[in-house]
Amino acid sequence: MVTPTRKKDRIDKLAEAGSDAGVSLAASAWRTLRRSPVFLTGATIIGLFVLVSLLSPWLAPHDPSDPMLIDQVIKARNEIPPPQDGHPLGGDLQGRDFLSRLLIGSQQTLIVGVLATLIGLVGGLTLGTLAGAFGGWVDSVVMRVVDVMLSLPSLLLAFSISAMFAKPNQYTVIIAVAVVQIPVFARLLRGSMLAQRSSDHVLAATALGVKPGAIVFRHMLPNSLGPVIVQSTLVLATAIIDAAALSFLGLGNPDDRIPEWGQMLGDVQTVFDTHPQLAFWPAGCIIVVALGFTLMGETLREALDPKSRR
């Protein structure tokens, strides 16, 4: 005998299943995402990060390159300006306001992460489209190059590329991180396009005599971009961490008047034992932002993948 409670649960499940009938994948995914606390947490973190980055020139209370507190720095005793009125986080080793440098550093981190991801995405789309569209020897050549790049640890490859430049700067960091991301996007797009080649709509277009170029750019490529776009959110987290690591190792912008979180971490190595807070704030910001992109990317991938959606 079916109890009223079980009957109600069964009706609720049927109603929930039927509510997705006739709804597009994007609409169904958004319905899932807006009820996901993990996605909302990640989106909130990223939203705050982007907002602070864009408004940092106005939010920063002081010029991040002005050593206004230099009279409080005693290098012989590793003394730096402590938190005080007008400087809630104190100053750094050069007497510059630490909060202002932290805020402006968020903008530089965002610029490097976004540009590196965009360049890597464009390069990966180019290689993945060539491999997935032509197949044969073109696919073999492209994939062997991609395999070689993927066989190297990403940070080691980025370090090697940055070391090739005589004068490292912010742009060399962007190029190095972007090159590391290219094989990730290329392999993912190539796999999606190979799956599209055997789909019904592509076979129908081929049977109707549609030109190969139109099939690739109108049918295969647009339907293969979903997983790649979702992957870009996860790659952003990796790009920010890799860029910070290169700056920490001294391969970033040598001009410390323009702060960046990885560079700020590298500057405090000599006084970390006595002033760990100088490393805590930039390191914490990097971890939280990378976590935000990871949370958002993972939930996006689950929501847009029919096999993993619940």
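Cut-offs and rules
- Residues numbered from 1 in each chain as written.
- Predicted model: local features only at pLDDT ≥ 70, side-chain atom pairs only at ≥ 80, totals over all residues.
- Heavy atoms only, no water.
- UniProt positions renumbered as here; feature names shortened; annotations may be inferred.
- Helix = DSSP H or I, 4+ residues; strand = E, 2+ residues; numbered from the N terminus.
- Buried < 20%, exposed > 50% of the residue type's maximum accessible area, 1.4 Å probe, protein only.
- Contact = heavy atoms within 4.5 Å.
- Expected span 1.5 Å × (residues − 1).
- Bend = angle between axes of the 7 residues up to and from the residue.

- Under the annotation held in an unreviewed UniProt entry, the protein carries the name ABC transporter permease and is attributed to Saccharothrix hoggarensis.
- Taken verbatim from the UniProt record of the protein, the Subcellular location (unreviewed entry) comment is "Cell membrane".

1. Observations regarding the overall build of the protein
Working step 1: When helices and strands are tallied, the protein shows 11 helices and zero strands.
Working step 2: Helices and strands in the protein line up, N terminus first, as α-α-α-α-α-α-α-α-α-α-α.
Working step 3: The proportion of buried residues among the 310 residues of the protein is 42%.
Working step 4: Restricting the contact set of the protein to residue pairs at least 6 apart, pairs at least 24 apart contribute 70%.

2. Concerning the side chain of T109
Working step 1: Within the element layout of this structure, T109 appears in helix α4 (residues 98-134).
Working step 2: You can call T109 buried: its relative accessible area is 4%.
Working step 3: Other than its neighbours up to four places away in sequence, T109 contacts F49, I240, E260 and W261.

3. A short note on helix α3 (residues 37-59)
Working step 1: With 23 residues, α3 extends just 29 Å between its outermost C-alpha atoms, more than 12% less than the 33 Å of an ideal straight helix rising 1.5 Å per residue.
Working step 2: At S53, α3 shows its maximal bend, which comes to roughly 40°, and the proline P57 appears one to four places after that position.
Working step 3: Every buried residue belonging to α3 is among F39, G42, I45, I46, F49, S53 and S56, and all of these are buried.

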